[in-house]
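Overview (structure and organization)
Chain by chain, the residues run as shown.
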Amino acid sequence: MTDDVPELRASDADRERVAEQLRDALAEGRLDMEEFEERLEATYQARTYGELAPITRDLPGAAAAAPVSMVKEPVGDGSWAGRIVGGEGSSSWGVAILSGFERRGRWTVPKRFNSFAFMGGGEIDLREANFADRDVVINCVAVMGGVNVIVPPGVEVVVRGIGIMGGFDHREEGRPGEPGAPRVIVTGFAFWGGVGVERKLTRAERQRLKAERRQEKLDRKAARAELEGPEAGGSRREALGDMFDALDEARDLIRERHDERWARHEERRERHWARQEERRERHRERREDRDRHRGGDY
């Protein structure tokens, strides 16, 4: 391994893999809350592999988990067959008690993923995930809390949850899946809470579609110019061409503004969850202080 490898830039998926390992260590009691927060902050501030690697070096299974790959692997062709990889899955559960959790980025969804939210919230994002099996079950239990499941286009969704003074989102049901695509079965129980299911494109896919639309616009403009020819001009043809160009620009502008609004909405939602988690943590600390005071620790 060369000396300059640790200076390679780390991706969001690399940072998320490290964050996932830290969450598992917190749940197992290997890290206390203060250590977890310090390492998590360092994870999201890291820019290179050299900065990420020491964060989990003292945790069991760090080498086996390989949260940071020092060699960039070739990217698959993106087909569904390449995303159904078998195995046990990289994460099998998520818990939010007066807090939040999320699973997103490059991870492997097991055959059954269990989640629990009590007065908190969780997000399970499958858009960039691989799948351990053709059929996967996302089991969600929400009590005075919520869990949101995000699936990519082309995936078949089946919702079988039960809600009591709560609900499960059935809007994405009934759409046939693409050939070879996995089927996601959302089940569980919601009491004074909710489980949402939404179908969304990744940001990279939205950018790709945006570039395709721009190219289509240029192709249409070139085709009109070729049909009109240098001698077929005339004010009427030029006016029609200008009108079509204006319509294309207006449509592209509307789409761009929609994408920008959606990006701002995502940012606001992430900030909201972060503030909620901070408030819950302060509440927990105040409650612990009161308990110690009542117990005569002061």
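Since the model is a prediction, treat every value here as computed from it, not as a measurement. (Residues numbered from 1 in each chain as written. Predicted model: local features only at pLDDT ≥ 70, side-chain atom pairs only at ≥ 80, totals over all residues. Heavy atoms only, no water.)

Overview of the sheet that holds strand S13 (residues 194-199)
Filter applied, for reference: Here a strand pair is declared whenever DSSP counts at least two bridges between the two strands. Where helices and strands are cited, they refer to DSSP runs of H or I of at least four residues and of E of at least two residues respectively, numbered from the N terminus.
If you trace the five strands from one edge of the open sheet to the other, you get S2-S5-S8-S13-S11, paired in parallel fashion. Each edge of the open sheet is held by one strand with a lone partner, namely strand S2 (100-103) and strand S11 (167-168).

Some points on the packing of aromatic side chains
As a reminder, the rule being used: Ring geometry is summarised as follows: Phe, Tyr and Trp rings, the Trp one being its six-membered ring, pair when their centres sit within 6.5 Å, and such pairs are stacked at plane angles under 30 degrees, edge-to-face over 60 and tilted between the two. For every residue, the accessible area obtained with a 1.4 Å probe (protein chains only) is divided by the maximum for its type, and the residue is called buried under 20%, exposed over 50%, and partly exposed between those limits.
Under the definition given, this model contains two aromatic pairs. Ring geometry for Trp107 against Phe113: centres 5.6 Å apart, planes inclined by 70°, an arrangement best described as edge-to-face. The pair formed by Trp107 and Phe113 is uniform in burial state, with each residue classed as buried. For the pair Phe191 and Trp192, a centre-to-centre distance of 5.6 Å together with 0° between the ring planes defines the contact as stacked. Residue Phe191 is classed as partly exposed on the basis of its relative accessible area, which comes to 28%.

A short note on the pairing of S2
In S2, alternate side chains face the same way, and those of Phe101 and Arg103 are buried while those of Gly100 and Glu102 on the opposite face are not. In this structure, S2 lies alongside strand S5 (residues 121-125), joined through four bridges in parallel fashion. Residue pairing across strands places Phe101 opposite Gly122, the latter belonging to S5.

Describing the nonpolar core
Side chains that are nonpolar tend, in soluble globular proteins, to be buried together. The condition is simple: In plain words, nonpolar cores are sets of buried Ala, Val, Leu, Ile, Met, Phe, Trp, Tyr and Cys residues tied together by side-chain atoms within 4.5 Å.
One finds Val109, Ile124, Leu126, Ile138, Val149, Val184 and Val186 to be the most contacted residues of the largest nonpolar core, which totals 28 residues. Of all the secondary structure elements, the ones that give two or more residues to this core are strand S4 (112-118), strand S7 (135-143), strand S8 (146-151), strand S9 (156-159), strand S12 (183-191) and S13. Here the element with the most residues in this core is S7; it accounts for four residues. Judged by nonpolar contacts, the second largest core, of 13 residues, contains Ala10, Leu40, Tyr49 and Leu52.

What to know about the pairing of strand S1 (residues 93-97)
For a regular strand, side-chain orientation follows a simple rule: the groups alternate between the two sheet faces. Going residue by residue along S1, you find Gly94 and Ala96 tucked away on one face and Trp93, Val95 and Ile97 left uncovered on the opposite face. The pairing of S1 with S4 spans five bridges and is classified as parallel. By the bridge assignment for S4, Trp93 is matched with Asn114.

A look at the confidence of the model for the protein
Formally: Confidence scores here are pLDDT values: one per residue, from the predictor, ranging 0 to 100. Should any heavy atoms of two residues lie within 4.5 Å, those residues are counted as being in contact.
On average, residues of the protein score 77 in pLDDT, and 73% of them are at 70 or above. Every residue in residues 63-77 scores below 50 in pLDDT, and together they form 20 contacts with partners more than four places removed in sequence or on other chains.

Focus: the pattern of salt bridges
Our working rule: In what follows, salt bridge is the name for a side-chain nitrogen of Lys or Arg lying within 4 Å of a carboxyl oxygen of Asp or Glu.
Evaluated as defined, the whole model comprises nine salt bridges. Here Asp125 makes a salt bridge to Arg127, at a shortest N to O gap of 2.7 Å. Across the pair, exposure class does not vary: Asp125 and Arg127 are buried alike. Salt bridges here are not isolated pairs; linked through shared partners, they connect Glu102, Arg104 and Glu123.

A short note on a negative patch on the surface
What counts here: Only residues whose relative accessible area exceeds 30% and that take part in no salt bridge are eligible for patches, with like-charged residues grouped when within 9 Å of each other and nonpolar side chains (Val, Leu, Ile, Met, Phe, Trp, Tyr) grouped when within 5 Å. Using a 1.4 Å probe, the Shrake-Rupley method yields the accessible areas, and only the shown protein chains count as cover for residues. Only four residue types enter the charge count: Lys and Arg as positive, Asp and Glu as negative, with His and the chain ends excluded. Note on charges: their place is set at NZ of Lys, CZ of Arg, CG of Asp or CD of Glu.
A contiguous patch of negative charge, built from Asp32, Glu34, Glu35, Glu37, Glu38, Glu41 and Glu285, is present on the exposed surface. The dominant element in the negative patch, judged by the number of residues it contributes, is helix H2 (residues 33-45), at five residues. Structurally, the position occupied by Glu34 is in helix H2.

A few points about unusual backbone geometry
Phi at Leu98 takes a positive value of approximately 55°, unusual for a residue other than glycine. Within the secondary structure, Leu98 is located in the loop between S1 and S2. Phi at Met144 is positive, roughly 50°, even though this residue is not glycine. The exposure class assigned to Met144 is partly exposed, which follows from its relative accessible area of 35%.

Details of a positive patch on the surface
The grouping of Arg279, Arg282, Arg286, Arg287, Arg290 and Arg294 at the surface amounts to a positive patch. Assignment of secondary structure puts Arg286 in helix H7 (residues 235-294).

Focus: the environment of Met165
Counting through the fold element by element, Met165 comes out in the loop between strand S10 (162-164) and S11. As a C-alpha pair, Met165 and Trp192 span 27 residues in sequence and 5.0 Å in three-dimensional space. Discounting chain neighbours no more than four positions away, the residues touching Met165 are Phe191, Trp192 and Gly193.

Description of the environment of Pro152
Assignment of secondary structure puts Pro152 in the loop between S8 and S9. Separated by 23 residues in sequence, Pro152 and Ala129 place their C-alpha atoms 9.4 Å apart. With residues up to four places along the chain from it excluded, the contact list for Pro152 reads Trp80, Leu126, Arg127, Arg199 and Lys200.

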